[in-house]
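The lines below spell out each chain.
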Amino acid sequence: MAGEFSVEIVTPDKKFFEGTAQMVVVRTINGDVGILKNHASYVAPLDIGVLKLKKDGSFREASVAGGFIQVDKEKTTILTEAAEWADQIDVQRANKAKEEAEAKIKSADEKEVKLAKVDLKKAINRIEVSNKRD
């Protein structure tokens, strides 16, 4: 199909997605970026956020836990610590992780608080993405 390009999304555990897309939107540490076919070469660090993948005219959303995006003429590659489609998120597990991170923030030392805030951001992102299920 015209306007499609190759996309690969990889986590440490698995190849999360491999195929084609019409558009990919990711949250970098500097804001959201949309990628279309023939995008200029690009590399950026990702923030915890939502990944939107447009295929066959509609978007599918996933929660991603940071990482990097690399775009070149042949393919867009996303490397991330974790990725979950909205309809695959275990909401109970995400809520439990949120509660644990909030408790740790209240009682931990400075270093642990920083890590707990990252865990909290990941949990909240997963919960928000899960609310966008098809």
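Look up a bit, the structure's there.
The structure reproduced in this document is the subject of the present report. Residue positions within a chain follow its written sequence, with the count starting from 1. At least 70 in pLDDT is required for a residue's local features to be given in this predicted model, at least 80 for side-chain atom pairs to be given and counted, and no such filter applies to totals for whole chains, interfaces and linings, which use all residues. As a rule here, side-chain values cover all heavy atoms of the structure and leave hydrogens and water aside.

## With respect to the packing of helix 1 (residues 91-107) against helix 2 (residues 110-130)
Consideration 1: Where helix 1 meets helix 2, the closest approach of the two axes is 8 Å, and the angle between their N-to-C directions is 155°. Taken together, the axes of helix 1 and helix 2 are roughly antiparallel relative to one another. As for how helix 1 packs across helix 2, the hand of that crossing is left-handed. Taken together, the residues of helix 2 that come into contact with helix 1 (itself represented by Val91, Arg93, Ala94, Asn95, Ala97, Lys98, Ala101, Glu102, Lys104 and Ile105) are Glu112, Val113, Ala116, Lys117, Asp119, Leu120, Ala123, Ile124, Arg126, Ile127 and Ser130. Comment: axis = line fitted to C-alpha atoms, over the contacting stretch for helices; angle = value between 0 and 180 degrees taken between N-to-C directions. Strands are runs of DSSP state E lasting at least two residues, helices are runs of H or I lasting at least four, and both sets are numbered from the N terminus onward. In what follows, roughly perpendicular refers to angles from 65 to 115 degrees, roughly parallel to angles under 35, roughly antiparallel to angles over 145, and oblique to any angle outside these ranges. For a crossing to be left-handed, the near helix must be turned anticlockwise from the far one by less than a right angle; the clockwise case is right-handed. Contacts were defined at the residue level, with two residues in contact if any of their heavy atoms lie within 4.5 Å.

## Considerations on helix 2
Since the α-helix advances by 3.6 residues per turn, residues separated by three or four positions end up pointing in the same direction.
Consideration 1: Expected helix span is computed as 1.5 Å times (number of residues minus one). Taking 1.5 Å per residue as the helical rise, helix 2 with its 21 residues ought to reach 30 Å, and the 30 Å between its terminal C-alpha atoms agrees with that figure.
Consideration 2: Under the scheme applied here, a residue whose accessible area is under 20% of the maximum for its type counts as buried, over 50% as exposed, and between as partly exposed, the area being computed with a 1.4 Å probe on protein chains only. Among all positions in helix 2, only Val113, Ala116, Leu120, Lys122, Ala123, Asn125, Arg126, Ile127, Val129 and Ser130 are buried.
Consideration 3: For helix 2, the elements touching its buried residues are strand 5 (42-55), strand 6 (58-71), strand 8 (83-85) and helix 1.
Consideration 4: The backbone nitrogen of Glu112 lies 2.9 Å from a side-chain oxygen of the residue at the head of helix 2, namely Asp109. Within 3.5 Å is the distance limit for a polar contact, defined as a pair of N or O atoms, with the added protein rule that one can donate a hydrogen and the other accept it, and that residues adjacent in sequence qualify only through two side-chain atoms.

## Thoughts on the nonpolar core
Most often, soluble globular proteins keep nonpolar side chains buried together rather than apart.
Consideration 1: By size, the foremost hydrophobic cluster in this structure holds 21 residues, and its most contacted members are Val7, Ile9, Val24, Leu51, Leu53, Ile69 and Ile78.
Consideration 2: Within the residue set of this core, elements represented by two or more residues are strand 1 (5-10), strand 2 (15-21), strand 3 (23-28), strand 4 (31-35), strand 5, strand 6 and strand 8.
Consideration 3: Those residues in contact with Leu53 that sit more than four places away from it in its chain are Val7, Ile9, Phe17, Ala21, Met23, Val24, Ser58, Phe59, Arg60 and Trp85. Working definition of a nonpolar core: buried Ala, Val, Leu, Ile, Met, Phe, Trp, Tyr and Cys residues. They are joined through side-chain atoms within 4.5 Å.

## A few points about the pattern of salt bridges
Consideration 1: Only one rule defines a salt bridge in this text: a Lys or Arg side-chain nitrogen within 4 Å of an Asp or Glu carboxyl oxygen. Inspection of the entire model under this criterion finds 10 salt bridges.
Consideration 2: Two residues, Asp47 and Lys121, come together in a salt bridge whose shortest N-O distance is 3.0 Å. One end of the pair, Asp47, is in strand 5; the other, Lys121, is in helix 2, with 74 residues separating them in the sequence.
Consideration 3: For Lys121, a relative accessible area of 38% corresponds to the partly exposed category.
Consideration 4: Close ionic contact of Arg126 with Glu84 constitutes a salt bridge, the shortest N to O distance being 2.4 Å. Placement of the pair is Arg126 in helix 2 and Glu84 in strand 8, with a sequence separation of 42 residues. When sorted by exposure, Arg126 lands in the same class as Glu84, which is buried.

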